[in-house]
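Examining the three-dimensional arrangement
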Amino acid sequence: MKKALRHIVPVLLCLVAGAVAGSMQTESLAEWYPSLAKSPLTPPAIAFPVAWTLLYICMGLSLGRVLTDGDKRFVTLWFLQLAVNFLWSFFFFYLRCPLAGLADIVVLDLLVILYIRWVRRATPSAAWLFVPYLVWILFATYLNAYIVMENPREKSLSAAAVTENILSNTKNQSIMTHTLPQLPYAMEALSPKMSRETLEYHYGKHLQTYIDNLNRLIAGTPYAAMPLEEIVCKADGAIFNNAAQAWNHAFFFDTLTPAQQPMPEKLAAALAGEFGSVEAFKEAFTKSAVGLFGSGWVWLVGGPDGRLSILAEPNAGNPLARGLKPLLTVDVWEHAYYIDYRNRRADFVKNWWDLVDWQKVAGRL
Ligand SMILES: [Fe+2]
């Protein structure tokens, strides 16, 4: 019984530590770090929780072996590696600082290698139970390094900026420079083409999360003093992703109306002049929106020469960063339509046309 408890308790401890670490991940990794999704070796999202559960069980059983038959001096090393493991989630998911995460996980790699080398003499089974874990964290080290390489802004975060992030995250959550914009209509006003539930999630949760994340990321940085548009034009990495998503969504929601009016003449003439006819424009825009691979935004934009064009941007792409003038956009991230239309993006876009506020689009010309 005592022997069983020596294995069960460490396994439970690991699973609890893993659950707490996982709770720090409030947003999908791909939304925070699109560069990770582009990594050729990134496994499907389901692989992460499944792998970590199995690894935590192996990790706990390894300590159980040491407590039962091994050299008790290595118990401290086991707890130390678990603490460093937990800290990685704190740096990476909570502080959104991949560089600090990378430094942490390299230390973790070394601790785990030391643990395996030392415990294998007295307790080979405890060492073998750690081998899959070592393989996995080496792979995680590669993914973390990939993100640092793809997000130079995070790479250049100074120690002072990291400290500032910690202070703003732990002591002063109330600093909010950006807030959720008001919708110009009621939550159920666009139903059934866009349901109240979709708005509750898309506007109330997704947009709110981008804004909260942005406020947390910019606290203590020069971006804290900039208007949203300027952040979109100057930032990259996670700050750009969240700033652009906040701006794009505010623009998208502001361009919807439950009481659509006919398109103003000057807009119809401008579209006909560029695309042949309003119908031809809508057809080309729809084709681009339905055909955009993965998540992103399709825009009607004005160029520096005044000419109109359609721009398809993956992820958080925004025309302001390209020096173009946004006139109209449709959000084709799955979260924009999945509640009402499941996987039928074409049906969503078809119905979205009936919600476009043409007066606002014309006013931006
Ligand atoms: Fe969205």
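See the structure above.
A few points on the structure. Just so it is clear, the model here is predicted, and its values are computed rather than measured.

Things to note about helix α14 (residues 265–275)
Helical geometry note: an α-helix holds 3.6 residues per turn, so side chains three or four residues apart project in the same direction. Within α14 the residues assigned to the buried category are Leu-267, Ala-270 and Leu-271. One side of α14 carries all its buried residues, which in axial view fall inside an arc of 95 degrees. Set apart from the buried face of α14 by more than 90 degrees, the exposed residues are Glu-265, Lys-266, Ala-269 and Gly-273. Close packing links the buried residues of α14 with α15 (278–291), β2 (308–314) and α18 (358–363). One or two positions beyond α14, positive phi appears at Gly-276, with a value near 105 degrees.

Regarding the pairing of strand β3 (residues 325–331)
In terms of burial, β3 is a largely internal element, six of the seven residues being buried. Bridge analysis of strand β1 (residues 296–302) against β3 gives six bridges, and the strand direction is antiparallel. What sits directly across from Leu-300, in β3, is Leu-328.

A word on the packing of helix α5 (residues 74–94) against helix α6 (residues 98–122)
Relative placement of two packed helices is described by the angle separating their axes and the distance separating the axes. Put simply, α5 and α6 touch, their axes get as near as 9 Å, and they point 160 degrees apart. With respect to each other, α5 and α6 are oriented roughly antiparallel. As α5 packs across α6, the resulting crossing turns out to be left-handed. Of the residues that constitute the contact of α5 with α6, the class distribution is 20 nonpolar, three polar and one charged.

Side note on the sheet that holds β3
Read across the sheet, three strands follow the order β2-β1-β3 without closing on themselves; strand pairing throughout is antiparallel. Each of the sheet's edge strands pairs with one partner strand only, and the pair in question is β2 and β3. With direction set aside, neighbouring strand axes in the sheet form an average angle of 25 degrees. Pairing between β1 and β2: seven bridges, direction antiparallel. Residue pairing in the sheet places Trp-297 in a bridge with Glu-313 of β2. Taken strand by strand, helix α13 (residues 237–254) contacts β1 and β3, and its axis lies near 85 degrees from that of β3.

A look at α5
Its 21 residues place the ends of α5 30 Å apart at the C-alpha level, agreeing with the 30 Å of an ideal helix rising 1.5 Å per residue. Phe-74, Trp-78, Gln-81, Leu-82, Asn-85, Trp-88, Ser-89, Phe-91 and Phe-92 are the residues of α5 that are buried. Arg-96 sits one or two positions beyond α5 and adopts a positive phi of about 55 degrees.

Reading the values: rules and limits
Residues numbered from 1 in each chain as written. Predicted model: local features only at pLDDT ≥ 70, side-chain atom pairs only at ≥ 80, totals over all residues. Buried ≥ 20, exposed ≤ 12 C-beta atoms within 10 Å, placed from the backbone. Helix = DSSP H or I, 4+ residues; strand = E, 2+ residues; numbered from the N terminus. Arc of directions from axis to C-beta. Contact = placed C-beta atoms within 7 Å. Pairing = 2+ DSSP bridges. Axes fitted to C-alpha atoms, helices over the stretch in contact; angles between N-to-C directions. Parallel < 35°, antiparallel > 145°, perpendicular 65-115°, else oblique. Left-handed = near helix turned anticlockwise from the far one by under 90°. Nonpolar A, V, L, I, M, F, W, Y, C, P; charged D, E, K, R; others polar. Expected span 1.5 Å × (residues − 1).

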